[in-house]
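Observations on the three-dimensional arrangement
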Amino acid sequence: QVQLVESGGGLVHPGGSLKLSCAASGRLFGAYVMRWFRQAPGKERELVAGITSRGSTNYADSVKGRFTISRDNAKNTIYLQMNDLKPEDSAVYYCNVQSIIVADEDVPYTYWGQGTQVTVSS
């Protein structure tokens, strides 16, 4: 069974930085993407950043230039370096693993972390 273990959340002042980590335990089969989502009170969950096994990345427009997603394939771990944090970045951040179906026999799967709180406040 795959579990995602997150860490790195906390309280930071505007303009500060945090680095989130997400380690996946257990076997991951086939192709997959690892992603960071976030959800603030009263708002929909949104995709923050994603990275594939090949290193392709994508970011929400709101975090481009400030956030960087990276990976360590050997550790099945992804990171989210967050710089120049703003109050609107405050949210619960969730790690996600989503399978990419490339063959009919591939079984889809999705795993979620427990979430880690990021609060940006003076």
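For the structure itself, look to the data block above.
First things first, this report covers the structure right here in the doc. All figures in this text were calculated on a predicted structure; none of them were measured in a lab.

Re the pairing of strand 8 (residues 77-82)
- The buried count for strand 8 comes to five of six residues, which makes it a mostly enclosed element.
- Summarising the sheet, strand 7 (residues 67-72) and strand 8 pair through six bridges and their orientation is antiparallel. Along strand 8, the bridge assignment pairs I69 with L80.
- Two successive antiparallel strands, strand 7 and strand 8, enclose a turn made up of four residues, where N76 displays a positive phi of approximately 50°.

Thoughts on the pattern of salt bridges
- Applying the stated criterion to the full structure yields four salt bridges.
- Among the ionic pairs, D89 bridges to R38, the shortest N-O distance being 3.0 Å. With D89 in the loop between strand 8 and strand 9 (91-100) and R38 in strand 4 (residues 31-39), this residue pair connects regions lying 51 residues apart in the sequence. Assigned by exposure class, D89 and R38 land together as buried.
- The shortest N-O distance in the salt bridge between K64 and D61 comes to 3.1 Å. Just as K64 is exposed, D61 falls in that class too.
- A single network of salt bridges, built from pairs that share partners, joins R38, E46, R66 and D89.

Cut-offs used in this document
- Numbering of residues begins from 1 in every chain and follows the order in which that chain's sequence is written.
- pLDDT decides what is reported in this predicted model: residues at 70 or higher carry local features, side-chain atom pairs at 80 or more are listed and counted, and totals for whole chains, interfaces and linings draw on all residues regardless.
- Where side-chain values are given, they derive from all heavy atoms of the structure, hydrogens and water being excluded.
- Each residue is assigned to one of three classes by its accessible area relative to the maximum for its type, calculated with a 1.4 Å probe on protein chains only: buried under 20%, partly exposed between the two thresholds, exposed over 50%.
- Here a helix means four or more residues in a row that DSSP labels H or I, a strand means two or more in a row labelled E, and each is numbered from the N terminus.
- Two strands qualify as a pair provided that DSSP identifies no fewer than 2 bridges between them.
- By definition, a salt bridge exists where a carboxyl oxygen of Asp or Glu is found within 4 Å of a side-chain nitrogen of Lys or Arg.

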